[in-house]
Amino acid sequence: MSNEAFRVSAVSNALSSIRRDKRFPQKVLAGHWEDYLFFEPFLMFDPCFIEIKNSLLVEEKASVIALINLGDDTPINHDDPPMIFIEQSTMAKEYISELESRGAPRGWRFVMDRYVCASDRGAWCIYCERQNDVAVFAFREGFLQSTRLQVEKLLKTTSIRFSSATGATEVFDFGKLVPSWRSALVAEHVPVGPKMNSRGSDNKSQ
């Protein structure tokens, strides 16, 4: 495939992963996902995201990631949305420069829009709402445990399966959410299947 074909696939995977008429706390991501790891959206626009990008592209044997600005309208307008492409060779400085050059004068690092992100292989997806200060990393069956652990570490995620308020500062704390909003988020996203521990292993003894 050509580089352009990989880009087209990444865009298609990203846009087909979301429901145009939904937003948090509803389930925005379409289809079946093994788990939903929630995190603070600002980390998606931080230099550390390039380290995550490197792990994800290697894990999937993918070529490119599409990051798409969905604006803040509901339903989402899919007609020619602004986007950037994160290649295997993209470095942190280049990524941040590209983010800051979009949506002047503030740039995508600070604009309170919604975003979706996926690769040309489609084994995972990220969706975030800057306005609500919530983002989610979802992955499909067969996703490598080692890569999941890397994502958990760098994005400081918490699985939806562990949505009780903890007061933790080192990972995403569902306790910061309004209780009724949190309850709706959990009801929409808790996967069917055996409960998992915080490292993603089955916890059948519980």
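Residues numbered from 1 in each chain as written. Predicted model: local features only at pLDDT ≥ 70, side-chain atom pairs only at ≥ 80, totals over all residues. Heavy atoms only, no water.

**Concerning the packing of aromatic side chains**
Stage number 1. Evaluated as defined, the whole model comprises 12 aromatic pairs.
Stage number 2. For the ring pair phenylalanine 24 and tyrosine 127, a centre distance of 5.1 Å and an interplane angle of 75 degrees mean the geometry is edge-to-face. On the criterion of sequence distance, the pair formed by phenylalanine 24 in the loop between α1 (3-16) and β1 (35-39) and tyrosine 127 in strand β5 (residues 124-129) is long-range, its members being 103 residues apart. Across this residue pair, the class does not change: phenylalanine 24 and tyrosine 127 are buried.
Stage number 3. When the ring of phenylalanine 45 is compared with that of tyrosine 115, the centres are 4.9 Å apart and the planes differ by 65 degrees; the resulting orientation is edge-to-face. One end of the pair, phenylalanine 45, is in the loop between β1 and α2 (48-60); the other, tyrosine 115, is in strand β4 (residues 114-119), and 70 residues separate them in sequence. Taken individually, phenylalanine 45 and tyrosine 115 each receive the classification buried, so the pair is uniform in this respect.
Stage number 4. Ring pairs connect the aromatic residues Phe24, Phe38, Tyr127, Phe172, Phe174 and Trp181, which therefore count as one cluster.
Stage number 5. The lysine or arginine in question, arginine 102, covers the ring of tryptophan 108, its NZ or CZ lying 5.7 Å from the ring centre.
Stage number 6. Positioned over the ring face of tryptophan 33 is arginine 140, at 3.7 Å from the centre of the ring. (Phe/Tyr/Trp six-rings, centres within 6.5 Å; stacked < 30°, edge-to-face > 60°. Helix = DSSP H or I, 4+ residues; strand = E, 2+ residues; numbered from the N terminus. Buried < 20%, exposed > 50% of the residue type's maximum accessible area, 1.4 Å probe, protein only. Lys NZ or Arg CZ within 6 Å of the ring centre and 35° of its normal.)

**With respect to the pairing of β4**
Stage number 1. Counting buried positions along β4 yields six of six residues, so the element is predominantly enclosed.
Stage number 2. With burial as the criterion, each face of β4 is covered, one bearing Arg114, Val116 and Ala118 and the other bearing Tyr115, Cys117 and Ser119.
Stage number 3. Bridging between β4 and β5 involves four bridges; their strand directions are antiparallel. Its bridge partner lying in β5, arginine 114 is registered against glutamate 129.
Stage number 4. Here β4 folds back onto β5 in antiparallel fashion, the turn holding four residues, of which glycine 122 has a positive phi close to 80 degrees. (Pairing = 2+ DSSP bridges.)

**What to know about the pattern of salt bridges**
Between side chains of opposite charge, pairing is possible as soon as their charged atoms come close.
Stage number 1. The full count for this structure, using the stated rule, is nine salt bridges.
Stage number 2. Here arginine 102 ties to glutamate 98 by a salt bridge, and the two come within 2.9 Å at their closest N and O atoms.
Stage number 3. In this structure glutamate 98 comes out as partly exposed when scored by relative accessible area, which is 31%.
Stage number 4. Here aspartate 133 ties to lysine 176 by a salt bridge, and the two come within 3.1 Å at their closest N and O atoms. Of this pair, aspartate 133 sits in the loop between β5 and β6 (134-139) while lysine 176 is found in the loop between β7 (158-159) and α5 (179-189), placing the two residues 43 residues apart along the sequence.
Stage number 5. The network of salt bridges with common partners includes Asp35, Arg148, Glu152 and Arg161. (Salt bridge = Lys/Arg side-chain N within 4 Å of Asp/Glu carboxyl O.)

Keep in mind that these numbers describe shape and distance, not what the molecule does.
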